[in-house]
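Coordinate analysis (summary)
Here is what each chain is made of, one letter per residue.
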Amino acid sequence: MKHFNFLFIIYLVFCFFFLSLIGIEAIKETVDFQFYADTNTYVRLYDFGFTIKEVAQLNLNLIGPLLVLKAVFGNFYLVLLVNLFVFYRIVVNSRKAFPVDEVKLLLLMISAPLMLGSIIGVNKEIFSLWSISYLVLYIEKPKFKYFLYAILISIFVRWQLSLVILIVFATNTRFNPYRLSKKKTILILLLCISIIYPLNLNAFSHVDRVAMLGAESTSEGSGLFTALILIQNQFFGYLFAVIPKALYLLGGLVFRIGKIFDFQNLYNNFFVTLQSVLNLVLLYKVIKKKVSINESIVFLGIIYLIVFSITPIFAPRYLFPVYFLMCLYLSKKKVYVA
């Protein structure tokens, strides 16, 4: 842990200087350097004096970041310290769950292009990782308090994350007759979604239309994401759409690699595209290890992908926790039994 703490302090210093030199001005939009997704939106809401009640009426997903800003009185440096504290706790939770190489986990995480925005400014991604780390800890050390921490944090992130946690909790109870059969559990989940989603298309119709337009503009009009949405809208369609959709969300933007230095859309062209490349590299390394679906991290990653790939919105950052799970898997130390 000594080497980890030293490297973590160096990273803290780097983040402090980045925030001071360009981060604050970029978030305030006085400098054109968007290294984040929605941080500027949350800051605007805070600056305009929106209350939590008013924001809740607009969009419940906005509550968490606004609560953080109000708690630190809008101070960017305090936001950074909160995010760094959360990041440190994520590694601590991981170490409690498994014997892990903390230095390797740290280096893999800070290498992620999306990590910069997750640490520097107010956002939901760092808290989604925190929630997932508690869920991993709950699976490995089944104490109800870990489940409670995971679900409470998820409430302030996204409802899909809360759904993932509830599904994992339900699949690990003794009331689940397929608790020991992960493949059957996954198949049943896919069948349920493939039936329930088409029956509720009216609830998603507006989102679908907006999402198709957004996906076309982000993926250069390939039409693949739109086609996958249309497939999943059919009964049992999600059974066929889930794998290509998950892969597309994880690494689909690699086809834009030629645009990484086109700074007209810096966040998508540079940060998200490079994250897509890194996602595929780590996925390849994980698969090379001949993973088993019965391993807790692998099972959790699959459940997460199934739930979050339902969304018709093309938002690769929603899958950032999967990157964390891959980092955690690759950072696990081998345990030799005498």
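Residues numbered from 1 in each chain as written. Predicted model: local features only at pLDDT ≥ 70, side-chain atom pairs only at ≥ 80, totals over all residues. Heavy atoms only, no water.

**What about unusual backbone geometry?**
Outside of glycine, negative phi angles account for most residues, and trans bonds account for most peptide bonds. Our working definition: Working definition: helices are DSSP H or I runs of at least four residues, strands are E runs of at least two. Numbering for both runs from the N terminus.
A positive phi angle, near 60 degrees, is found at Phe73, a position not held by glycine. With phi around 65 degrees, Phe236 is a residue other than glycine that occupies positive phi space. By the element assignment, Phe236 lies in the loop between α13 (224-232) and α14 (238-251).

**Examining the nonpolar core**
Definition in use: The term nonpolar core refers to a set of buried residues drawn from Ala, Val, Leu, Ile, Met, Phe, Trp, Tyr and Cys, joined through side-chain atoms within 4.5 Å. With a 1.4 Å probe rolled over the protein chains alone, any residue whose accessible area is under 20% of its type maximum counts as buried; one over 50% counts as exposed, and the rest are partly exposed. Contact criterion: two residues are considered in contact whenever any of their non-hydrogen atoms come within 4.5 Å of each other.
Counting 113 residues, the largest nonpolar core has Phe87, Met109, Met115 and Leu135 as the members making the most contacts within it. Looking at which element gives the most residues to this core, the answer is helix α8 (residues 125-140), with 11 residues. In this view, Phe87 contacts Phe8, Tyr11, Leu106, Met109, Ile110, Met115, Ile119 and Ile126; residues no more than four positions away in its chain are not counted.

**Comments concerning α8**
The line we're drawing: Here the expected span of a helix is defined as 1.5 Å times the quantity of residues minus one.
In this model α8 runs 23 Å from its N-terminal to its C-terminal C-alpha over 16 residues, within 8% of the 22 Å that 1.5 Å per residue would give. Taking burial as the measure, the 16 residues of α8 include 15 buried ones, the bulk of the element.

**With respect to the packing of aromatic side chains**
The criterion, for reference: The pairing test for Phe, Tyr and Trp rings, Trp by its six-membered ring, is centres within 6.5 Å, and the orientation test on the planes gives stacked under 30 degrees, edge-to-face over 60, and tilted for anything in between. Over a ring means this: the NZ of a Lys or the CZ of an Arg is within 6 Å of the ring centre and within 35 degrees of the ring normal.
Enumeration according to the criterion identifies 32 aromatic pairs in this entry. Aromatic side chains Tyr134 and Tyr146 sit 6.5 Å apart centroid to centroid with 25 degrees between the ring planes, which places their arrangement in the stacked category. Taken together, the residues Tyr134 in helix α8 and Tyr146 in helix α9 (residues 144-155) connect sequence positions 12 residues apart. Residue classification places Tyr134 among the buried positions, given a relative accessible area of 9%. Ring geometry for Phe263 versus Phe270: centroids 6.4 Å apart, planes at 80 degrees, classification edge-to-face. Over the aromatic face of Phe299 sits the side chain of Lys182, whose NZ or CZ is 4.5 Å from the ring centroid.

**Describing a nonpolar patch on the surface**
The condition that has to hold: Grouping into patches uses exposed residues only, defined as over 30% relative accessible area, and leaves out salt-bridged ones; the cut-off is 9 Å for like charges and 5 Å for nonpolar side chains (Val, Leu, Ile, Met, Phe, Trp, Tyr). Accessible surface area values rest on a Shrake-Rupley calculation with a 1.4 Å probe, where residue burial reflects the displayed protein chains alone. One side-chain nitrogen of Lys or Arg within 4 Å of one carboxyl oxygen of Asp or Glu is enough to make a salt bridge.
Taken together, the side chains of Ile9, Leu12, Val13, Phe16, Phe17, Leu21, Tyr77, Leu78 and Leu81 present a nonpolar region at the surface, about 830 Å² in accessible area. Elements supplying a minimum of two residues to the nonpolar patch: α1 (2-27) and α5 (76-97). The element best represented in the nonpolar patch is α1, accounting for six residues. Relative to the helices and strands, Phe17 is located in helix α1. For Phe17, a relative accessible area of 48% puts it in the partly exposed group.

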